[in-house]
Amino acid sequence: MEVRKTKQKIILIGDGAVGSSYAFALINQNIGQELGIIDVNRNKVEGDVMDLNSALAFTAPKKIYVADYEDCHDADLIVYTAGASQKPGETRLDLTEKNLRITKDVVEKVMAKGFNGIFLVATNPVDILTYAVYKWSGLPTHKVIGSGTSLDSARFRQAIAELLHVDVRNVHGYIIGEHGDTEFPVWSHANVAGLQISEWVTNNPDTDEEALVKLFFSVRDAAYEIIEKKGATFYGIATSLARITRAIFNNEKAVLPLSVYLDGEYNEKDIYIGTPAIIDSEGIKQIVEIPLNDSEKEKMKHSAATIRTHLNEVLEKNPDLRF
C-alpha cells in the first residue's frame, strides 16, 4: 500500500465533544503525524493539548499543539466539527441557519491562508454544510467530503450482526441519502457472507424477520436516544472520522459511505448526499452508485428533495448566506 508522502498534518476546527473525541481516537490509533487544534475556547484547547501529549509515551510520537488559522496554509486535512450541537427534540436540519453562519466565517478564515488540502466536515446538517464548504471554499468537489452516513451504516451493520448472531465484519450493507430522518437502508444489496439478506432468512428460518424489518428504525433514531440519555453523541462519529482520516493518509482506496457531490449519479446533480465512495490520498476517487430498486430510488429522490428544499428555505430567509 502506498502511503501518502506528506507531513500528515491535521488541523481540527472545533474542540467540543466530537472534536476532542476525534483527537483522542487519532492518538490511540496512531493516525497522522501532526495535530493542531482550533477552537474559540482557547483554554479548553490548551488543556486538551496537555492531556493528549501526556498519552504519547504510551502510543507514538506526534506533534500536538494549539493552532490558529495561519496553521491551515500547509495542512493536508482540515476536520471540521465546530458549531451548535443537536439538542433533545431537535432534528439535524434545525441547526442549519446557525451552523451555516459559523461555517461561512470558518471557511473564509481557512481559505484566506491558502489552504489546498482535503476538507472533512462532520458538523450537522452535514450534507448541507459540506455543500456550503464546497461553495464557499472554491475547492474541487473531490477535496470536500462530509462524514455522511458512515456512522449510520456502521450502526446498521452492527445491528444486523447482533440480530443474526454473526461477526459484524461479515455483514455488508449501507444506509444512504441524507444523514438525517430521510436516510434509508439499501436492503436490496445488504448481505451476510455473500448471501443476500433474503437468502440468509431462507437458509435460517429461525431469523426474526419482523425484528429485521424494524431494525433500521432503531438505527436511524439512535442519535435521538443517545442525546436524550447523555446529551450528545460523539464517540461513534469521532471513530468514524478517524477511520476516514486513516483511509486518506494511507491512500487506501477504501469504500466508505460519505457525503459526496453528485453530478448525475442517482439522477441527482449539484448536491451533497450520502453514498458509498472510494476515498484515497487525493480525496474522493470515485462514487459507487448502487443500483437501487424502485422503492429505494423513490427514497433517494425524496431524501435529496428534502435537503434541497430545506437549504433553499434557509437561504431565501437569509440572503447574506447565499452562495
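Rules of the game
- Residues numbered from 1 in each chain as written.
- Predicted model: local features only at pLDDT ≥ 70, side-chain atom pairs only at ≥ 80, totals over all residues.
- Heavy atoms only, no water.
- Axes fitted to C-alpha atoms, helices over the stretch in contact; angles between N-to-C directions.
- Helix = DSSP H or I, 4+ residues; strand = E, 2+ residues; numbered from the N terminus.
- Parallel < 35°, antiparallel > 145°, perpendicular 65-115°, else oblique.
- Left-handed = near helix turned anticlockwise from the far one by under 90°.
- Contact = heavy atoms within 4.5 Å.
- Nonpolar A, V, L, I, M, F, W, Y, C, P; charged D, E, K, R; others polar.
- Core = buried A, V, L, I, M, F, W, Y, C linked by side-chain atoms within 4.5 Å.
- Buried < 20%, exposed > 50% of the residue type's maximum accessible area, 1.4 Å probe, protein only.
- Polar contact = N/O pair within 3.5 Å; in protein donor to acceptor, adjacent residues only side chain to side chain.
- Pairing = 2+ DSSP bridges.
- Phe/Tyr/Trp six-rings, centres within 6.5 Å; stacked < 30°, edge-to-face > 60°.
- Lys NZ or Arg CZ within 6 Å of the ring centre and 35° of its normal.
- Expected span 1.5 Å × (residues − 1).

Participant: Explain the packing of helix H1 (residues 17-29) against helix H9 (residues 235-249) to me, please; I cannot follow it from the model alone.
Facilitator: Packed helix pairs are specified by the crossing angle of their axes together with the interaxial distance, meaning the distance between the axes. Where H1 contacts H9, the axes come no closer than 8 Å and their chain directions differ by 50 degrees. Here H1 lies oblique to H9, going by the angle between them. The hand of the H1/H9 crossing is right-handed. For the pair H1 and H9, contact is made by Val18, Ser21, Tyr22, Ala25, Leu26 and Gln29 and by Tyr235, Ile237, Ala238, Thr239, Leu241, Ala242, Thr245 and Arg246, respectively. Across the contact of H1 with H9, the residue classes break down as 9 nonpolar, 4 polar and 1 charged.

Participant: Can you help me understand the nonpolar core in this one?
Facilitator: The nonpolar side chains of a soluble globular protein tend to be buried with one another. Counting 87 residues, the largest nonpolar core has Ile13, Tyr22, Phe119 and Ile279 as its most contacted members. The residues contacting phenylalanine 119, other than those within four sequence positions of it, are Ile78, Tyr80, Val107, Val110, Val133, Leu139, Lys143, Val144 and Ile145. Counting residues in each nonpolar core, the second largest holds 16 residues, with Ala159, Ala161, Val171 and Ala190 among its members.

Participant: What should I look at first to understand the side chain of threonine 149 in this one?
Facilitator: Tracing the chain through its elements places threonine 149 in the loop between strand S6 (144-146) and helix H5 (150-164). At a separation of 2.6 Å, a polar atom in the side chain of threonine 149 contacts the main-chain carbonyl oxygen of isoleucine 175.

Participant: Explain the pairing of strand S5 (residues 118-121) to me, please; I cannot follow it from the model alone.
Facilitator: Going residue by residue along S5, you find Ile118 and Leu120 tucked away on one face and Phe119 and Val121 tucked away on the opposite face as well. Pairing between strand S4 (residues 77-80) and S5: 4 bridges, direction parallel. Residue pairing in the sheet places isoleucine 78 in a bridge with phenylalanine 119 of S5. Pairing between S5 and S6: 3 bridges, direction parallel. Within S6, the residue paired with leucine 120 across the bridge is isoleucine 145.

Participant: Honestly, the packing of aromatic side chains in this entry has me stumped. Any pointers?
Facilitator: Each aromatic ring pair is described using two quantities: the centre-to-centre distance and the angle formed by the ring planes. If you walk through the whole model with that rule in mind, you get 11 aromatic pairs. An aromatic cluster of at least three residues, connected via ring pairs, comprises Tyr131, Tyr134, Trp136, Tyr261, Tyr272 and Phe323. Here the basic side chain of lysine 63 rests over the ring of tyrosine 65, its NZ or CZ set 5.1 Å away from the ring centre. Positioned above the aromatic ring of phenylalanine 234, the side-chain terminus of lysine 230 is 4.0 Å from the ring centre.

Participant: Whenever I open this one, H1 confuses me. Can you help?
Facilitator: Because each turn of an α-helix spans 3.6 residues, side chains separated by three or four positions in sequence point in the same direction. Over its 13 residues, H1 runs 18 Å from end to end, which matches the ideal 18 Å to within 8%, given 1.5 Å per residue. All buried positions along H1 are accounted for by Val18, Gly19, Ser21, Tyr22, Ala23, Ala25, Leu26 and Ile27. Buried residues in H1 make contact with strand S1 (9-13), strand S2 (34-38), helix H2 (42-53), strand S3 (63-66), S4 and H9. Looking one or two places after H1, you find asparagine 30, whose phi comes out positive at around 55 degrees.

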